[in-house]
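# Examination of the molecular architecture
Below, each chain spelled out in residue letters.
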4 protein chains.
Amino acid sequence: MRFFSDNAASVHPKLLQALAAANAPDTAYDGDAHSAKLNAAFSDLFETEVEAMWVSTGTAANSLALAAMCPPHRGVICHKEAHIEQDEAGAPTFFTGGAKLMLLEGEGAKLSPEALESHCAAIRDDVHQVQPAAVSITNASEYGMVYHPPEIAGLAEICKDRGLGLHMDGARFANALATLGCSPAEITWKVGVDALSFGFVKNGGMSAEALIFFDRKLAAETQYRRKRAGHLQSKGRFLAAQILAMLEDDLWLENARAANDGAQIIAAAAGDRLIYPVEANEIFISLTADEAAKLRGIGFDFYDWGEGQARLVTSWNQTAEEIRPLADAIAAL
Amino acid sequence: MRFFSDNAASVHPKLLQALAAANAPDTAYDGDAHSAKLNAAFSDLFETEVEAMWVSTGTAANSLALAAMCPPHRGVICHKEAHIEQDEAGAPTFFTGGAKLMLLEGEGAKLSPEALESHCAAIRDDVHQVQPAAVSITNASEYGMVYHPPEIAGLAEICKDRGLGLHMDGARFANALATLGCSPAEITWKVGVDALSFGFVKNGGMSAEALIFFDRKLAAETQYRRKRAGHLQSKGRFLAAQILAMLEDDLWLENARAANDGAQIIAAAAGDRLIYPVEANEIFISLTADEAAKLRGIGFDFYDWGEGQARLVTSWNQTAEEIRPLADAIAAL
Amino acid sequence: MRFFSDNAASVHPKLLQALAAANAPDTAYDGDAHSAKLNAAFSDLFETEVEAMWVSTGTAANSLALAAMCPPHRGVICHKEAHIEQDEAGAPTFFTGGAKLMLLEGEGAKLSPEALESHCAAIRDDVHQVQPAAVSITNASEYGMVYHPPEIAGLAEICKDRGLGLHMDGARFANALATLGCSPAEITWKVGVDALSFGFVKNGGMSAEALIFFDRKLAAETQYRRKRAGHLQSKGRFLAAQILAMLEDDLWLENARAANDGAQIIAAAAGDRLIYPVEANEIFISLTADEAAKLRGIGFDFYDWGEGQARLVTSWNQTAEEIRPLADAIAAL
Amino acid sequence: MRFFSDNAASVHPKLLQALAAANAPDTAYDGDAHSAKLNAAFSDLFETEVEAMWVSTGTAANSLALAAMCPPHRGVICHKEAHIEQDEAGAPTFFTGGAKLMLLEGEGAKLSPEALESHCAAIRDDVHQVQPAAVSITNASEYGMVYHPPEIAGLAEICKDRGLGLHMDGARFANALATLGCSPAEITWKVGVDALSFGFVKNGGMSAEALIFFDRKLAAETQYRRKRAGHLQSKGRFLAAQILAMLEDDLWLENARAANDGAQIIAAAAGDRLIYPVEANEIFISLTADEAAKLRGIGFDFYDWGEGQARLVTSWNQTAEEIRPLADAIAAL
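Keep in mind the model is a prediction, meaning the values are calculated, not measured.

## Here's the deal with the pattern of salt bridges
Residues and elements named next belong to chain A. Scanning all chains against the criterion turns up 52 salt bridges over all chains. With its nearest N and O atoms 2.7 Å apart, the salt bridge here joins Glu 151 to Lys 110. Here Lys 110 lies in the loop between strand S3 (100-104) and helix H6 (113-122) and Glu 151 lies in helix H7 (residues 149-162), a separation of 41 residues in the sequence. Accessibility expressed as a relative area gives 29% for Glu 151, which makes it partly exposed. Via salt bridges that share partners, Asp 6, Arg 172, Glu 282 and Arg 311 belong to a single interconnected network.

If you want it as structure tokens, here you go:
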């Protein structure tokens, strides 16, 4: 059984059906009927007028959002374990034309308003130092923890005071929402988020993520940047169709709930081994090399996460029956 | 009936079947079983060891190939009507980190060895001038004409003498091959091509193109650049599956032959209206505004191409029965 | 005698005196007393509040100005023989982070409002095409011709309508002014110029040019970009001192008048050989290879300028007595 | 008395004389007689064939060296307090086209082989992570400490094993040499350094630094990059003349010795206040706000360096008589 990554999971069958249903000639790029529905669909979901566009990866979504906020000579503040810093091969610097990632510490890969304020205050307004232009946070975080609305509001207030854009990497936005129980609006624009990378691929999608601009001025130039980055697919209708299928009847939320529920089964079994509270679909546990070998021997796979630690990720399509054996095996260690 | 663009056509049903067949958990990115087959599949097709990787657009394939050949401070020589110059929003400059496109004239959007040599000879070896590092040609060209092997060999000889990489934009490589009747090897590495963007999307594909390196040294760094550009999809197996389905039983060639055959039906009817010989699936004809309106009135759509000209593109799935009415209407003008 | 380039000429002795006079400890970078005077000095000269900063080359001045106007994904419209296109090794693309130079034709390396309007009108507002953000003109032009205020006003009107910045490369701004006889204000901000590269090095300077922002909003970010490009010299007071010495008693204008006067001596002798009217300190003449060899045999040096043409440049420190022999030799051919 | 920065000091009179002596017409850019002597002069100094070129700032020298070693998608390893990270406004990222600075800890702003090896070993060879291409060290370091030849040899061995270029930021190379007493060769190419930014401006120079390539293959492309960055001055002879004047009779070493001697006077007085051993011309001391105010009250100026610390820098032209009052004042605190 695979607990490596939600990226490894299969695609929800409704998306394959949507692809088949979209397979008629239509205008190329994003001039098609499916793509034309995205703004309205996300505006409904977020209860405000937004600009939405499809891209094929979270890295592209994150980098395009940051490029819209940050000129080449400035910086983006993020956690030192943020995906944009650790796992995107320099993409934000590439898309912005040179911006520097400015790294903060913080429990569970989350930024606190205190850390942000203190970092900003320490930057002299001096041409020798790179000045920040944006802040990027990840919700749910890289350690599977969620930001609650007041936490984001606290960060957003500093951003507003200092003229910084606020971007949310929502590769697991659905999992965060499933835990928070609030509306999508309450955790984004209502608390000051300017742009969101809304992930679907880790949540049963195939190849379409959504980039949402609450600050709609940022969208126009991004259309050009998306093409310039080779991300304007000529049969974009198949990306739009995936996303629309995900939004229909809140399939995205249903999938995320399933994955989160699975994570809770493991969390309950892991007890004191838990390194972080489990608030989405990732579980980080203490695990010796011997214990890891034992679990793998039974047939479970997962990532080691540094010395004596492991990461387990549950997926939308894993049932409680499939997950319980892992929980039991952990409990039995 | 749509003659706007082969991008607007539907996807071949075999690709949808391939997506469904690939819908099981597998390793993320390109660590999956389908992606692992690409090198061998293309090495077979090209009768030599190649490195192959999937990307989602031709713009990404072209730009990654050029970035592998050209450092930020140098230039890429191409036709002034090349897709990379006219239609990619600056992507080659973006991906290379700043390279200059150096534009040549040439009939039918093709470069001649004479034009290339004379352009190169006119560049002083002087730090004030951007020096070229690569040449990019399109086969079939933007005006639907094909390069024959000796023409490419002539360009490649100059490239070799001057230390320039040679890239082929093969957005309609299949259509060129269907016309040329030679082997894929004979029109690429055997005549000096270092890298090829092998297009599938215009030819019945959905969202996967292949970037082929005959000069395999260029591939290793490109793996990093692909990720950095946000083009490493996490469920890459679905791109590989599309490509493998296209290669099976030469579906790519069958699709291209169908589109080319359709173009010949129109070409035969267009007679003196033809601006360029029809060697692939694009037809450029003289057409007054009145004539264009008349055709549109009947229900045919297509692009105007400057004053008094029009572009018609046939697709893999248009039958002779569907195309003949347009041919008849043109003949009747 | 050298007629190669005004770059080859010596430095005016007053500048060496100014360097010696500035040789006391002072705050580093541009925090010194000399640098602090630049804004006021140029605001006086231009009769409006400007932001001025020193840089060491015209290429840096041009590129910083364009980077302030043009984001990485857009373009800068200029003449196809503009210095920024032909002789700066891609610097504008480097400094802007990727902008495309969009090249126009025009007599004497000048842009006309008609050519500009028609170029802009032909760019579809379509993400596949690079959209312009700025226009750059050179006064005096690369062929030694001057733009008169109404010509610039005509260009500026189009820029304003289309939201484009207007930059003037004034490598030989002094020579243009000496010919025009108008005030510096009348040929710049009063007719719509947003930023000026004000050249001194070709006009008896050593290593300091001025970048002037009439649109002062553009200056703030440029301070950061200048440092980021390695152009913030730590003993910047020596650049400021050179510029202040040039402005004192209009030395810049006196030098330019001398160079222009010398050019007129040659122009009068060249008669029908003149390819362009001589309006600054450059003379372009028809000259066969034999004739060129003859002049060089006498001891004059200069650039060939393509087949059968030559470029002669006079400098601030060449007297009529020194120039007349060349004029006589040309007349005698 | 100024102890702020050696950048604030005056220029050695011999350089002003050299400027005056160079003030005759000569070929522009670096085609002049003075520039032509640089390779030989530095090859003599370093006892091996080197390629040398002038630039106007240390930031440009550092960034050009790194751009020669590191493609846009890779990284440069340096100390987290390195000048290239802290004080150059992102220049290395700009010049390389996007490279990431990868930051290490280390006493006195020095890198140890252990820290370097452990950092490199922790980078997975995985496309999601930026891979390093170069290492940059500063000698004397940002905290005024020197690297001895064996220390550099230890770093260079790792660089060689891992295919990384090794750059030395020698903004205070002269001060390091004055302390080390070894030959320039022994601390550079003989222990594996590929390129050196050889600083003169902090050491009595005006506006010329030297970029030295021991790995001469790196120089050719750098000539183009220098122009592209606007750093090819048209009257480059005045930069070459400054450098040649510095090399004559080892003026550079004489100046550095004077500055270092001055630093030792203060170091002796500072005693336990010293935070780092004083090995060049910078002194870092513990100093309360009250004490700092007291010293400033007497007329000494200097930088605060975080809470309760101060940085004092001595210059080539400060005599023992001028420095002793500061030493006495510190001793008397």
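## Topic: the relation of the copies chain B and chain C
For the match of chain B to chain C, the screw axis carries a shift of 0.1 Å, the RMSD comes to 0.1 Å, and the turn is 180°. Here the transformation between the copies is reduced to the relation of a two-fold axis. Of the C-alpha atoms belonging to chain B, the one lying closest to the rotation axis is found on Gly98(B), 2.6 Å away. When the interface residues of chain B are mapped onto chain C, 100% of them again fall at the interface, so both copies present the same face.

## Re the interface of chain B and chain C
Contact residues are listed per partner, giving 14 residues for chain B and 14 residues for chain C. Taken together, both faces of the contact between chain B and chain C bury some 1000 Å²; the carbon and sulfur share is 41%. Together, Asp87(B), Ala89(B) and His128(B) form the three largest contributors to the area buried by chain B at its contact with chain C, with a combined 38%. Counting across the chain B and chain C interface gives two salt bridges. As a salt-bridge pair, Glu85(C) and Lys100(B) come within 2.8 Å of each other at their nearest N and O atoms.

## Side note on the relation of the copies chain A and chain B
The two copies are related by a screw operation: chain A maps onto chain B through 180° of rotation and 0.0 Å of translation along the axis, at an RMSD of 0.0 Å. By residue overlap, the copies meet face to face through one surface: 100% of the interface positions of chain A are interface positions in chain B.

## Section: the sheet that holds strand S10 (residues 309-313) of chain B
All names here are of chain B. Judged by pairing direction, the sheet is antiparallel, and its three strands sit side by side in the order S8-S10-S9 without closing on themselves. For this open sheet the edge positions go to strand S8 (282-286) and strand S9 (303-304), each flanked by a neighbour on one side alone. Pairing analysis gives five bridges linking S8 to S10, with the strands arranged antiparallel. Across the sheet, the residue bridging to Phe 284 is Arg 311, located in S10.

## Side note on the side chain of Glu142(D)
Residues and elements named next belong to chain D. With respect to the helices and strands, Glu 142 occurs in the loop between strand S4 (132-138) and helix H7 (149-162). As a buried residue without a salt bridge, Glu 142 has its nearest oppositely charged side chain in Arg 172, at a separation of 7.4 Å. Reaching out from Glu 142, the side chain makes a polar contact with the backbone nitrogen of His 83 at a distance of 2.8 Å. At a separation of 2.8 Å, a polar atom in the side chain of Glu 142 contacts the side chain of Thr 138. In contact with Glu 142, other than residues within four places in its own chain, are Glu 81, Ala 82, His 83, Ala 109, Glu 282 and Phe 284.

Cut-offs used in this document
- Residues numbered from 1 in each chain as written.
- Chains lettered and ligands numbered in written order.
- Predicted model: local features only at pLDDT ≥ 70, side-chain atom pairs only at ≥ 80, totals over all residues.
- Heavy atoms only, no water.
- Salt bridge = Lys/Arg side-chain N within 4 Å of Asp/Glu carboxyl O.
- Helix = DSSP H or I, 4+ residues; strand = E, 2+ residues; numbered from the N terminus.
- Buried < 20%, exposed > 50% of the residue type's maximum accessible area, 1.4 Å probe, protein only.
- Least-squares fit on C-alpha atoms with pLDDT ≥ 70 in both.
- Contact = heavy atoms within 4.5 Å.
- Buried area = accessible area lost by both parts, 1.4 Å probe.
- Pairing = 2+ DSSP bridges.
- Lys, Arg positive; Asp, Glu negative; His and termini not counted.
- Polar contact = N/O pair within 3.5 Å; in protein donor to acceptor, adjacent residues only side chain to side chain.

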